[in-house]
Amino acid sequence: MVFYAEEDVAEVVRSHGLPKVMSEDLKGKPGHVTAYVPRLSESQEAEGVAPREFFVGIGKRSEIRLKHVRKAACAAVSTLKSKKLTKATIIVPNDIDVPSTTIAGPHMSVNEPRRISQSDVVHGLACAILSGSYKFDKYITKDDDKNVPFESIYLQVQPEADVSELQKVVSRSMVIAKATALCRNLGNERADVATPEWYEKKAFELASTYSTKLAMECLHAADLKGLGMNLLLSVGQGAVVEPRLILLHYNGAPESSEKIALVGKGITFDTGGINLKPTGFIEDMYIDNAGAATVLATLQACVELDVKKNIVVALCLAENAISNTAVLPSAIVKSYKGLTVEIGNTDAEGRLVLADGLTYVQKHCHPTHLVDVATLTGACVVALGEYAAGLFTNDDAFSAQIRAAGDNANEIAWPLPILDEHAEELKGIDSDLKNIGKGRYGGASTAAAFLREFIEKDVKWCHLDIAGPAKARGEKVQGASGFGVHMLIEWLTKTSL
Ligand code: BES
Ligand code: ZN
Ligand code: ZN
């Protein structure tokens, strides 16, 4: 596979000995793939070997951005997949200079590099290859429909390239891809299997694999009752499997006073509760634990990359079931923090489990920085589509770091506000707070405002509402997307606090 820029068509035709007429086929547009099957020798014909060459456009040299390289890499991978080719050699382009005049646009201007280094290209390629080789196929019984894994993909670089440096880039990409695959597997598993108890087992597996680096704590319903974590209990009280709060501790920087908490919404199925979700809205709700999946998978990568930071991960796990024991709308429940909350709508459950989880980590683990990740509101999907997460914060500098990490990871986190008016909507009449605002408008911001009630003033906090991007509905990527893992790893490995 050869990647080429639009200006280089003539050169590609010449140097690869292609028939001149092929210059008409090579369009050079990002992701445009042209196949060439050379005339076979008799022995190749006899052996049934058919080496094919693919030429993949990356666009006009003067306009190339990293996203075009990624697009080309994805196109290359889907070509291999669609033809069930399991072996390939990819000729990696060298560093690509990006003229500064082409850098424009309100968003990409922030972090778009002036030069796309070969490391960036290799990272982009490796991520595309590895994510393209994922398929949730454990329930597929027909061989033809099963995933055909790649056997070997070679990345070929020019002799003067720093190969050992590039190998490090590939190893890091592989850790990120493995974590993303874990996140996707956790999200994709269906809710009759993936109960809070199943999640506990998955967390335990990770903690046992890295028993010298991770410590695990699990609070079961009786523990939650003893502590007064009634919001988390109320969400899970209709389900057969009890809710849980799971904590995993990783101390990669014992000398540092800084600590990061990553808190994930882990609703293993969201029926909506007594405020039952209708058909059309309920089907995807087995992915409502994507936040928990993201933070657990991120931790796996942190351990494997030996990240020098102190991290605690909290998984707020419950099934929001409908049953005769489910919490009733209008119930007034005392949170672990002490604030009372009227349940105006049992479908606004994510903020309830998070509220108690947030209180617990702040009380017992004393983080300086806290990121929560949650498929929290349909309103956020209305605002941003499925392309970006909503990003809310009490500290703009911190939020800028997360956003920049997202840009580098090709996962967009877009800042949204929490206005005083959003917070005022949550004031209770017979209770301190309500779990819903006045109407449908601004639902992502009122949900964030609710969470903020449970954040201590001196804790730097970001909230990522991933309701949109947590699920992919594309042709190539389908189901749980693993969104957020790459972003958080990027932030944890490349940013000093
Ligand atoms: N899990 C949903 C949010 C969601 C919606 C995630 C679509 C993924 C895709 C959440 O628990 C929910 O139901 N939120 C309600 C809140 C409302 C009742 C205030 C919503 O967004 O409608
Ligand atoms: Zn809900
Ligand atoms: Zn939910």
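The structure we're discussing is the one just above.
Treat the numbers as computed from the prediction; the structure is a model and nothing was measured.

Definitions and limits used
Residues numbered from 1 in each chain as written. Chains lettered and ligands numbered in written order. Predicted model: local features only at pLDDT ≥ 70, side-chain atom pairs only at ≥ 80, totals over all residues. Heavy atoms only, no water. Helix = DSSP H or I, 4+ residues; strand = E, 2+ residues; numbered from the N terminus. Rg over C-alpha atoms; globule rule 2.2 N^0.38 Å. Buried < 20%, exposed > 50% of the residue type's maximum accessible area, 1.4 Å probe, protein only. Donors = N, O, S within 2.8 Å, 3.2 Å for Na, K, Ca; no water. Tetrahedral: all angles 85-135°; square planar, octahedral: opposite > 155°, others 65-115°. Pairing = 2+ DSSP bridges. Axes fitted to C-alpha atoms, helices over the stretch in contact; angles between N-to-C directions. Disulfide = S-S within 2.5 Å.

Student: I would appreciate a short explanation of the overall build of the chain in the present structure.
Tutor: A count of helices and strands for the chain gives 15 helices and 20 strands. The globule rule puts the C-alpha radius of gyration for 497 residues at 23 Å, and the 25 Å found for the chain is close to it. Principal-axis analysis of the C-alpha atoms gives the chain an extent of 80 × 50 × 45 Å. Evaluated residue by residue, the chain yields a buried proportion of 53% over its 497 residues.

Student: So what exactly am I meant to see when it comes to the coordination of the zinc ion (ligand 3) here?
Tutor: Around the zinc ion (ligand 3), the protein supplies Lys 265 (NZ), Asp 270 (OD), Asp 288 (OD) and Glu 349 (OE) as donor atoms, at distances of 2.0 to 2.4 Å. Because the angles between the six donor atoms bound to the zinc ion (ligand 3) fall within 77 to 170°, the donor set is best described as octahedral. All donors of the zinc ion (ligand 3) come from a single chain, and their spacing in sequence reads K-x4-D-x17-D-x60-E. The distance between the zinc ion (ligand 3) and the zinc ion (ligand 2) is 3.2 Å, with Asp 270 acting as a donor to both metals. Placement of the pair is Lys 265 in strand β10 (residues 260-270) and Asp 288 in the loop between β10 and α9 (290-304), with a sequence separation of 23 residues. Among the residues examined, Lys 265 registers a relative accessible area of 2% and is labelled buried.

Student: Before we go on, may I ask you to explain the sheet that holds strand β11 (residues 310-320) in this structure?
Tutor: The strands that make up a sheet pair up through hydrogen bonds in the backbone, lying either parallel or antiparallel. On the basis of which strands lie adjacent, the open sheet formed by eight strands has the order β8-β9-β11-β10-β14-β18-β15-β16 and mixed pairing. Edge strands, defined here as strands with exactly one partner in the open sheet, are β8 (214-219) and β16 (412-415). Shown here is a sheet whose adjacent strand axes are inclined to one another by a mean of 20°, direction ignored. The pairing of strand β14 (residues 369-374) with strand β18 (residues 460-465) spans six bridges and is classified as parallel. Bridging from a neighbouring strand, Asp 372 pairs with His 463 of β18.

Student: Looking at this model, I keep getting lost on the state of the cysteines. Mind explaining?
Tutor: Two cysteines whose sulfur atoms are joined by a covalent bond form what is called a disulfide. This structure, assessed with the given rule, holds zero disulfides. In this model Cys 183 remains outside any disulfide bridge; the closest cysteine sulfur is found in Cys 302, 13 Å from its own.

Student: For this particular structure, what's the right way to read the coordination of the zinc ion (ligand 2)?
Tutor: Octahedral six-donor coordination of a metal ideally yields angles of 90 or 180 degrees, compared with 109.5 degrees for tetrahedral four-donor coordination. Here the zinc ion (ligand 2) is held by the protein donor atoms Asp 270 (OD), Asp 347 (O), Asp 347 (OD) and Glu 349 (OE), which lie 2.0 to 2.2 Å from it. In primary-sequence terms, the residues that donate to the zinc ion (ligand 2) follow D-x76-D-x1-E. The partly exposed category is assigned to Asp 347, whose relative accessible area is 22%. Taking relative accessible area as the criterion, Glu 349 reaches 0% and is therefore assigned buried.

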